[in-house]
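As a plain string of letters, each chain reads:
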Amino acid sequence: MKAVYSDLHRSHDPQFFLVRGVVQRTTEQPERADRLLAGLKAGKHTLIEPTKFGQGPRARVHSPEYLSFLEGAWDEWSALGNAGPEMIANMHPVRNAGTYPTHIVGKLGWHTVDTAAPIGPGTWAGACASSDVAVTAAQMVLDGEDAVYALCRPPGHHAYRDLAGGFCFLNNGAIAAEHLRQKHERVAILDVDVHHGNGTQGIFYERGDVFTVSIHADPSFFYPFVWGYAHERGAGPGLGTNLNIPLAKGTGDDDYVKALALAEKAIRSFAPTALVVALGLDASEKDPLAGLAVTTDGFRRIGEALARFGLPTVLVQEGGYLSDILGANLTAVLGGFEAAR
Ligand code: ZN
């Protein structure tokens, strides 16, 4: 399986992370990509440089106001004077009868759902490079590759149409799915990150052409807390095309693979012709966020299960934080996929 990677992710190097009222160094660090890259090299995957697709693919998912905000955010912020080294909102307006603000501090609040997506000088460049990595992989699949992996950083699945949050700015998986939609009438997105893919759910919630499935640690004890419950099934034309499978804390390989079988059954009945996998590796037993307990062999089994869907597949990197087995877990999931194909 070919893998798309760009070094340009490094320009996004966030620091701030607020955990239970305590400011820590974020877990979404550039070193993540180094370890994932080592995992690709261990698996002998051919590395491909991304193509620059410009704003078009991003604009199919995100609003013009939001893209404009992200692009100009750092310049507006740094022109304020006395501004901090990263942009973190001091308000998150709920928008009821609100007016779109003109001031950067207002826009920052408007467009961030939490404090976990600090914007620095290189964030826009890094986020754009990450979306190009995803679109390049999707384009390769459109051009006939069976399956391609996209090493995206920053990740994307918590980003909504016009909201950043949870380390995410541009929803790479959603952008890849929209890119595939140019040739595929029905596309499924299967999110195996330990966190619910709330941004992806939000983007496609009222759409009947993109089936969104997320398997994750139960939001009753895990971020994002207010989305990801089984009763969230879509709305309007999208009613029935959103499936959430929340899992108990510490769920291991066997129960995880059973949840994947449920997801597979639902996806097969939707009958898509292409698949996007939102490939978080933070369900690992060694992940510092400690939600689920999937082993490296469990990731191999996940890869095998994903391959058996038999669909052209774009695998988009989501979460997965620093541990000694982060790279090995990527090697295992991609290796399992290849072995079962
Ligand atoms: Zn995650």
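Bear in mind the structure is a predicted one, so any value in this text is a computation, not a measurement. (Residues numbered from 1 in each chain as written. Predicted model: local features only at pLDDT ≥ 70, side-chain atom pairs only at ≥ 80, totals over all residues. Heavy atoms only, no water.)

*Asks:* Got a minute to help me understand the coordination of the zinc ion in this structure?
*Replies:* In ideal tetrahedral geometry, four donors around a metal make angles of 109.5 degrees, whereas ideal octahedral geometry with six donors gives angles of 90 or 180 degrees. Here the zinc ion is held by Asp 193 (OD), Asp 193 (OD), His 195 (ND1) and Asp 282 (OD), and the distances to it run 1.9 to 2.7 Å. Considering all four donor atoms around the zinc ion, angles at the metal cover 52 to 152° and the coordination shape is irregular. For the zinc ion, the donor residues sit on a single chain with the sequence spacing D-x1-H-x86-D. Each member of the pair, Asp 193 as well as His 195, is classed as buried. (Donors = N, O, S within 2.8 Å, 3.2 Å for Na, K, Ca; no water. Tetrahedral: all angles 85-135°; square planar, octahedral: opposite > 155°, others 65-115°. Buried < 20%, exposed > 50% of the residue type's maximum accessible area, 1.4 Å probe, protein only.)

*Asks:* Would you explain helix H8 (residues 253-270) in this entry?
*Replies:* An α-helical segment advances 3.6 residues per turn. Residues three or four places apart therefore align on the same side. With 18 residues, H8 ought to run about 26 Å at 1.5 Å a step, and its terminal C-alpha atoms sit 26 Å apart, in line with that. Residues of H8 that are buried: Asp 253, Tyr 256, Ala 259, Leu 260, Ala 263, Glu 264, Ala 266, Ile 267 and Phe 270. Buried residues along H8 sit against strand S6 (187-191), strand S7 (210-217), strand S8 (242-247) and helix H9 (296-307). Of the residues flanking the end of H8, it is Ala 271, one or two places downstream, whose phi is positive at about 55°. (Helix = DSSP H or I, 4+ residues; strand = E, 2+ residues; numbered from the N terminus. Expected span 1.5 Å × (residues − 1). Contact = heavy atoms within 4.5 Å.)

*Asks:* Which parts of the structure should I look at to understand the pairing of strand S2 (residues 16-19)?
*Replies:* Remark: a regular strand shows side chains that alternate across the two faces of the sheet. Where S2 meets strand S3 (residues 22-25), four bridges bridge the pair, whose relative direction is antiparallel. Its bridge partner lying in S3, Phe 17 is registered against Gln 24. In this antiparallel pair of consecutive strands, S2 and S3, the connection spans two residues, and Arg 20 shows a positive phi of 50°. (Pairing = 2+ DSSP bridges.)

*Asks:* Hey, could you run me through the sheet that holds strand S10 (residues 313-317) in this one?
*Replies:* Two pairing modes exist for strands in a sheet, parallel and antiparallel, and in both the strands are linked by backbone hydrogen bonds. Spatially, S4-S1-S5-S10-S9-S6-S7-S8 is the arrangement adopted by the eight strands of the open sheet, whose pairing is parallel. Of all the strands in the sheet, the pair left with one neighbour each is strand S4 (47-48) and S8. As judged from the five bridges shared by strand S9 (residues 274-279) and S10, these two strands associate in the parallel manner. Residue pairing across strands places Leu 279 opposite Gln 317, the latter belonging to S10. Sitting on the sheet, H8 is in contact with S6, S7 and S8, with an inclination near 170° to S7. (Axes fitted to C-alpha atoms, helices over the stretch in contact; angles between N-to-C directions.)

*Asks:* Looking at this structure, how should I read the packing of helix H1 (residues 30-42) against helix H10 (residues 326-340)?
*Replies:* For any two helices packed against each other, the geometry is given by the interaxial angle and the distance between the axes. Following both chains from N to C, one finds H1 and H10 inclined at 45°, their axes separated by 7 Å at the closest point. Of the possible angle classes, the one that applies to H1 and H10 is oblique. The handedness of the crossing between H1 and H10 comes out as right-handed. Judged by residue contacts, Arg 32, Arg 35, Leu 36, Gly 39, Leu 40 and Ala 42 of H1 engage Leu 326, Gly 327, Leu 330, Thr 331 and Leu 334 from H10. In terms of residue class, the contact of H1 with H10 is made up of six nonpolar, three polar and two charged. (Parallel < 35°, antiparallel > 145°, perpendicular 65-115°, else oblique. Left-handed = near helix turned anticlockwise from the far one by under 90°. Nonpolar A, V, L, I, M, F, W, Y, C, P; charged D, E, K, R; others polar.)

*Asks:* I would appreciate a short explanation of the nonpolar core in the present structure.
*Replies:* Here is a general trend for soluble globular proteins: nonpolar side chains tend to be buried in one another's company. If you look at the biggest cluster of nonpolar residues, it comprises 49 residues, and the most contacted ones within it are Tyr 149, Leu 190, Tyr 256 and Leu 279. Per-element tally for this core: the top contributor is H8, with seven residues. Sequence-distant contacts of Tyr 149, defined by excluding residues within four places in its chain, comprise Met 1, Lys 2, Ala 3, Val 4, Leu 36, Leu 40, Leu 279, Leu 315, Gln 317, Leu 330 and Leu 334. Leu 70, Ala 73, Leu 108 and Leu 142 belong to the second-largest nonpolar core, a separate cluster that totals 45 residues. (Core = buried A, V, L, I, M, F, W, Y, C linked by side-chain atoms within 4.5 Å.)

*Asks:* Would you explain unusual backbone geometry in this entry?
*Replies:* Cis geometry marks the peptide bond from Arg 153 to Pro 154, where omega comes out at 0°. Counting through the fold element by element, Pro 154 comes out in the loop between strand S5 (147-150) and helix H6 (172-181). Cis geometry is adopted by the peptide bond preceding Pro 224, which originates at Tyr 223 and carries an omega value of 10°. The topology assignment puts Pro 224 in the loop between S7 and S8. A positive phi angle, close to 50°, is found at Arg 20, a residue other than glycine.

*Asks:* Please clarify how the state of the cysteines should be interpreted in this entry.
*Replies:* Linking two cysteines covalently through their sulfur atoms gives a disulfide. Tallying each qualifying case throughout the model produces zero disulfides. Of all cysteine sulfurs in the structure, the one in Cys 152 sits closest to Cys 128, which takes part in no disulfide; the separation is 12 Å. For Cys 128, a relative accessible area of 10% puts it in the buried group. There is no disulfide at Cys 152, and the cysteine sulfur nearest it, in Cys 168, is 10 Å away. (Disulfide = S-S within 2.5 Å.)

*Asks:* Where do I start with the pattern of salt bridges in this structure?
*Replies:* When the charged atoms of two side chains with opposite charge come close together, those side chains can pair. Inspection of the entire model under this criterion finds 18 salt bridges. A salt bridge links Arg 25 to Asp 13; the nearest nitrogen and oxygen atoms lie 3.3 Å apart. Of this pair, Arg 25 sits in strand S3 while Asp 13 sits in the loop between strand S1 (2-4) and S2, placing them twelve residues apart in sequence. The class of Arg 25 is partly exposed, set by a relative accessible area of 40%. Asp 146 is the salt-bridge partner of Arg 341, the closest N and O atoms lying 2.8 Å from each other. Residue Arg 341 is located in the segment after H10, and its partner Asp 146 is located in the loop between helix H5 (123-142) and S5; the two are separated by 195 residues in the primary sequence. Judged by relative accessible area, which is 34%, Arg 341 ranks as partly exposed. One salt-bridge network, in which partners are shared between bridges, spans Glu 178, Arg 181, Arg 207 and Asp 209. (Salt bridge = Lys/Arg side-chain N within 4 Å of Asp/Glu carboxyl O.)

*Asks:* Which parts of the structure should I look at to understand the packing of aromatic side chains?
*Replies:* By convention here, two paired aromatic rings are described through the distance between centres and the angle between planes. Enumeration according to the criterion identifies eight aromatic pairs in this entry. Between Tyr 223 and Phe 225 the ring centres are 6.4 Å apart and the planes differ by 80°, which places this aromatic pair in the edge-to-face class. A relative accessible area of 44% means that Phe 225 is categorised as partly exposed. Through a chain of ring-to-ring contacts, three or more aromatic side chains come together here, namely Phe 17, Phe 167 and Tyr 321. The cationic tip of Arg 186 hangs over the ring face of Phe 270; the distance from NZ or CZ to the ring centre is 4.1 Å. (Phe/Tyr/Trp six-rings, centres within 6.5 Å; stacked < 30°, edge-to-face > 60°. Lys NZ or Arg CZ within 6 Å of the ring centre and 35° of its normal.)

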